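A structural walkthrough
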Amino acid sequence: MNHVPLEQGLLLAGMLFVLGLAGLLARRNMIFLLMSLEIMLNAAGLAFVVAGAKWSAPDGQVMFLFVLTMASAEVAVGLALILQLYHHFHTLNADSVSTMRG
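Below you will find a few notes about this structure. (Residues numbered from 1 in each chain as written. Predicted model: local features only at pLDDT ≥ 70, side-chain atom pairs only at ≥ 80, totals over all residues. Heavy atoms only, no water.)

1. Structural notes on the overall build of the chain
Cut-off, in case you're wondering: In DSSP terms, a helix is any run of H or I states spanning at least four residues, a strand is any run of E spanning at least two, and both are numbered starting from the N terminus. The globule rule used here is 2.2 Å times the number of residues to the 0.38 power, and the radius of gyration it is set against is calculated over C-alpha atoms. Residue burial is assigned from relative accessible area. The probe radius is 1.4 Å, only protein chains are included, and a residue is buried under 20% of its type maximum, exposed over 50%, and partly exposed in between. Residue contacts are counted whenever heavy atoms from the two residues lie within 4.5 Å of one another. Positive charge is attributed to Lys and Arg, negative charge to Asp and Glu, and no charge count is given to His or to the chain ends. Where a charge lies is defined by one atom per residue type, namely NZ (Lys), CZ (Arg), CG (Asp) and CD (Glu).
Along its length, the chain carries 4 helices and 0 strands. Listed by position from the N terminus, the elements making up the chain come as α-α-α-α. Against the compact-globule benchmark of 13 Å for 102 residues, the chain has a radius of gyration of 17 Å, which places it well outside the compact range. In terms of overall dimensions, the chain has C-alpha extents of about 55 × 25 × 20 Å along its principal axes. Here the chain holds 102 residues, and the buried ones make up 25% of them. Once local pairs closer than 6 in sequence are excluded, the contacts in the chain between residues at least 24 apart make up 56%. The positive charge centre, built from 4 side chains, and the negative charge centre, built from 5, are 11 Å apart in the chain.

Following this line, the structure appears as structure tokens:
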């Protein structure tokens, strides 16, 4: 079985992380913010898997399962919050939500 070299795998993970970070900083739509956050979490999981494959250890795959579990919980809570914010403000723009008061 052919393996992806460590440098190329980590470069891809870094590029995905930067892409997610750019989307997180540039977008104002709450759905796109969640999608960018998911890209960043998947990039971190990819880095774990590539590093685990380099040293032939299952630790990277186990950590990726933890990352996937955390990402699924984040999506469930995030979408519930987005639904509540949409019902309250009738928009998904993050700037209009920043005017909330206690």
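2. Considerations on unusual backbone geometry
Here serine 56, not a glycine, exhibits a phi torsion of approximately 55°, which is positive. With respect to the element layout, serine 56 can be found in the loop between α2 (30-54) and α3 (59-89). On the basis of relative accessible area, serine 56 is assigned to the exposed category, the value being 69%. The phi torsion at histidine 90 lies on the positive side, around 60°, for a residue other than glycine.

3. Notes on the environment of isoleucine 31
By the secondary structure assignment, isoleucine 31 is in helix α2. C-alpha separation for the pair isoleucine 31 and leucine 92, spaced 61 residues apart in sequence, amounts to 7.5 Å. Residue contacts for isoleucine 31: discarding those within four places in its chain leaves Leu79, Ile82 and Leu92.

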